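The chain contents come next:
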Amino acid sequence: MTGPGDRSDADPAQGAQAPSDGFRKGAFGVTGSGDTSGFGGLVRVEPGGAVALHSTERPYGGYFDEVTDALIEAVGEATYAAAVRRVLVDRGEITYFVEREHLLTLVQALRDDEALRFELCSSVSGVDYLDSGGPAAGPHRPRLHAVYHLTSMTYRRRIRLEVAVTAEDPHVPSVTSVYPTADWHERETFDMFGIVFDGHPALTRILMPDDWDGHPQRKDYPLGGVPVEYHDATIPPPDTRRSYR
Amino acid sequence: MSTTYNPADPYAGSRETTEGRVYTVTGGDWDLTIGGDAVGEERLVVNMGPQHPSTHGVLRLVLDLEGETVTKARVVIGYLHTGIEKNVEYRNWVQGTTFVTRMDYLAPLYNEAAYCMAVEKLLGIEAPQRAQTIRLLVMEINRIASHLVGLATGGMELGALTAMTNGFREREMCLDLLEEITGLRMNHAYIRPGGLAQDLPEGAVEHIREFLEVMPARVADFHRLLTGQPIWQRRLKDVGYLDVTGCLALGATGPILRAAGLPWDLRKVEPYLGYETYDFEVPTADTADAWGRYLVRMAEVNESLKLIAQALDRLEPGPVMVEDRKIAWPAQLSLGADGMGNSLEHVRHIMGQSMEALIHHFKLVTEGFRVPAGQVYVPIESPRGELGYHVVSDGSTRPWRVHVRDPSFVNLQATAAMSEGGMIADVIAAIASIDPVMGGVDR
């Protein structure tokens, strides 16, 4: 499968435009295969890939400014500047990209401060941004993101926090002390992505069997699967089918 | 016998013989050995499930019992894990619908709707008005079906078999309607990104109206059968108590939260599909127990009937799929000589008349459409609470990640809080009042 991960060795003469953000290659310039349809190896990646790398400038609009101001007031300007690396407003949703050292300070303030009151932690999950386009995953662009969706029932607001860690050091503090509901969410995220939530009361697998190896929802987890014969045609396993990216 | 009680090793006294030291395992001295230990006399660990008729699905409970009192309840899940979230990453955006509908299999249309609304939010499009009204319509029929199954299986687990037979009988009416509209009783894949797979068939509106005439009497029958019945009341009242604080701490939403007194219903507080323009109430109770949850669900069935009637009145002729030919599935389904498939008219069009139509059809079917990069979280009110879809796109024809915040998964965490300290029989009532669907819990 031709993925965006191998863009580094893409020959510019093949039509690959590989600036630091988005790129497109393949199509009719594809070589090395009999496929002239343009579908084999066609790769088009949006700037930044799945993870947007830019930051939104103030004002954010809507209630986002009120939430941000209240958050700054609650934790202090210095802590906020150290904790929140950047803020992204996209499609009417706000995402705070948070440093893991300050995560607990932030969620505690988000839950308890009178102007914030995010009483409900709707969801904690993970996303693996390995090879999602944009700069390659590495220490500067950690691939594993723990994503928190917080809901304020008092003000009817929603925000998203994201903490990014590398696969080599996948430690994030557990928020179960603030939001007990995160218990199973964090266990599932550990199970599926291998993100280790420090301070969780019993971080064990929850969906996969206890003795399972690996973390299935990581992008580099082998899918397995066998070719299936159907009506005299052989259908390859999903991860080796040609990809129309 | 020369064996003496040895405080260092109370279970095995010993004596010296010519062959060496001989140990004698003794018994009957439990009172001596237990001493001041907090463990009571009748501590028993019972494993319940995963194959058990009263655990509401493939759910395993590990219960610490003291007599009949539960001192510890631990929930073990994962027996129905099917990796749907991972699978969706290897299918195109339209195919995703057929996967997510199999998660919470008693509320399939909610999964489809939330997923499609998330994809539409990423695309920046909106389904046509008629499609939105029909979505609301089928979802409310689905809510009635789901609540009836919750009541039926809950009743069965408590020994009220007539509740089960009646509940499934009434639910069958809902499923007949959904089958007529979508073609399938469950796992419909009816709601698609951009609209619906097809319009309402002829006669569907009349059949829904007939259903609306019959159903209120059936709801009244349930009240006659169960609500006033002393056994039903005693099995549910003060069982599975969880107040608002507990609900928020444990993330419980839906009827559990509303039975604790908080009128938190996403259809009211964060309206979607035009719910803010409909006239309906959010039923609540103040008992915070299984009884309150039962009453809330029954009242919600009535509210859903109101919503269905209003949606029927609002149905205006119009398209049920967006106009954009780069997104809208090109073919209309029709019944041919060899079964359901693309309509003959469409096949004639692409094969004989329009090269562009053929190209569009081919591209959409093989490759699918692209969704601009980004992430969204779309929550809707499913019968069990907040159903949230966190969908990430990298700009390609497949989802980069789909995470489902399933209300059953979150609500089931409340099992320990609801049942510890109570009787073992009440564990069953408490779990039945959570109404978890294991397909959604394990995904």
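For clarity, every value in this text was computed on a predicted model and none was experimentally measured.

A. Fine view of the overall build of chain A. Looking only at helices and strands, chain A has 4 helices and 11 strands in total. Here chain A holds 245 residues, and the buried ones make up 37% of them. Summarising the internal contacts of chain A: among those between residues at least 6 apart in sequence, 53% fall at separations of at least 24.

B. Region of the structure containing the overall build of chain B. Along its length, chain B carries 18 helices and 12 strands. Considering only contacts in chain B between residues 6 or more positions apart, those separated by 24 or more positions represent 65%.

C. Inspection of the interface of chain B and chain A at higher detail. Taken together, the contact pairs 39 residues of chain B with 36 residues of chain A. Elements with a contribution of two residues or more to the side of chain B that touches chain A: helix H2 (84-88), helix H9 (244-250), strand S10 (374-382), strand S11 (385-393), strand S12 (399-405) and helix H15 (407-411) of chain B. Tallying contributions element by element places S11(B) first for the side of chain B that touches chain A, with 5 residues. When grouped by side-chain class, the residues that make up the side of chain B that touches chain A number 16 nonpolar, 13 polar and 10 charged.

D. Here's a closer look at the pairing of strand S7 (residues 157-165) of chain A. Residues and elements named next belong to chain A. For S7, a buried count of 7 out of 9 residues is recorded, marking the element as mostly surrounded by other parts of the structure. The sheet contact formed by strand S6 (residues 144-152) and S7 spans 9 bridges and is antiparallel. Bridged to Leu144 within S7 is Val165. The hairpin turn running from S6 into S7, its antiparallel successor, is 4 residues long, and Arg156 in that turn takes a positive phi close to 55°.

E. Seen up close, the sheet that holds strand S4 (residues 60-66) of chain B. All names here are of chain B. Strand order in the open sheet formed by 3 strands is S3-S4-S5, with antiparallel pairing between adjacent strands. Two strands bound the open sheet, and with one partner strand each, they are strand S3 (43-48) and strand S5 (69-76). Between one strand axis and the next, the sheet turns through 15° on average, direction left out of account. Pairing analysis gives 7 bridges linking S4 to S5, with the strands arranged antiparallel. Note on S5: the bridge partner recorded for Val62 is Arg74. Set on the sheet, helix H17 (residues 424-434) makes contact with S4 and S5; between it and S4 the angle comes to about 150°.

F. Looking closely at the pairing of S11(B). Residues and elements named next belong to chain B. The buried fraction of S11 is high, at 9 of 9 residues. Bridge analysis of S10 against S11 gives 9 bridges, and the strand direction is antiparallel. The partner of Val376 across the bridge, within S11, is Val391. Counting the residues that bridge the hairpin from S10 to S11 gives 2 residues.

G. Up close: the confidence of the model for chain B. This prediction gives chain B a mean pLDDT of 86; 93% of its residues lie at or above 70. In the model output, the complex is listed with pTM 0.84 alongside ipTM 0.82.

H. Quick look at the nonpolar core. If you look at the biggest cluster of nonpolar residues, it comprises 157 residues, and the most contacted ones within it are B:Ala113, B:Ala114, B:Ala118, B:Val119, B:Val138, B:Ile141 and B:Leu242. Beyond its immediate stretch of four places on either side in the chain, B:Ala113 contacts B:Arg135, B:Met139, B:Ile191 and B:Ile380.

I. Inspection of helix H4 (residues 182-193) of chain A at higher detail. Taking 1.5 Å per residue as the helical rise, H4(A) with its 12 residues ought to reach 16 Å, and the 16 Å between its terminal C-alpha atoms agrees with that figure. Within H4(A), 12 of the 12 residues are buried, leaving the element largely enclosed by the surrounding structure. Residues of H4(A) that are buried: A:Ala182, A:Asp183, A:Trp184, A:His185, A:Glu186, A:Arg187, A:Glu188, A:Thr189, A:Phe190, A:Asp191, A:Met192 and A:Phe193. Looking at the buried residues of H4(A), the elements they touch are strand S5 (120-128), S6 and strand S9 (196-198) of chain A together with H15 of chain B. The first or second residue beyond H4(A) is A:Gly194, which carries a positive phi of 75°.

J. Spatial organisation of the sheet that holds strand S4 (residues 93-98) of chain A. Residues and elements named next belong to chain A. Taken together, 5 strands build an open sheet; the order of strands is S3-S4-S7-S6-S5 and the sheet is mixed. The open sheet has two free edges, formed respectively by strand S3 (84-90) and S5, since each of these has just one partner strand. With strand direction ignored, the average angle separating the axes of adjacent strands in the sheet is 20°. Packing against the sheet, H4 makes contact with S5 and S6, and its axis sits at approximately 5° to S5.

K. Here's a closer look at the confidence of the model for chain A. Residue and element names in this part refer to chain A. Chain-level statistics for chain A give a pLDDT mean of 78 and a share of 73% at 70 or above. Mean pLDDT across the secondary structure elements of chain A bottoms out at strand S2 (residues 43-45), with 53, and peaks at strand S8 (residues 171-173), with 93. Per-residue pLDDT stays below 50 along residues 26-31; that stretch engages in 15 contacts with residues further than four places along the chain or on separate chains.

The rules behind each value
- Residues numbered from 1 in each chain as written.
- Chains lettered and ligands numbered in written order.
- Predicted model: local features only at pLDDT ≥ 70, side-chain atom pairs only at ≥ 80, totals over all residues.
- Helix = DSSP H or I, 4+ residues; strand = E, 2+ residues; numbered from the N terminus.
- Buried ≥ 20, exposed ≤ 12 C-beta atoms within 10 Å, placed from the backbone.
- Contact = placed C-beta atoms within 7 Å.
- Nonpolar A, V, L, I, M, F, W, Y, C, P; charged D, E, K, R; others polar.
- Pairing = 2+ DSSP bridges.
- Axes fitted to C-alpha atoms, helices over the stretch in contact; angles between N-to-C directions.
- pLDDT = per-residue confidence, 0-100.
- Core = buried A, V, L, I, M, F, W, Y, C linked by C-beta atoms within 7 Å.
- Expected span 1.5 Å × (residues − 1).

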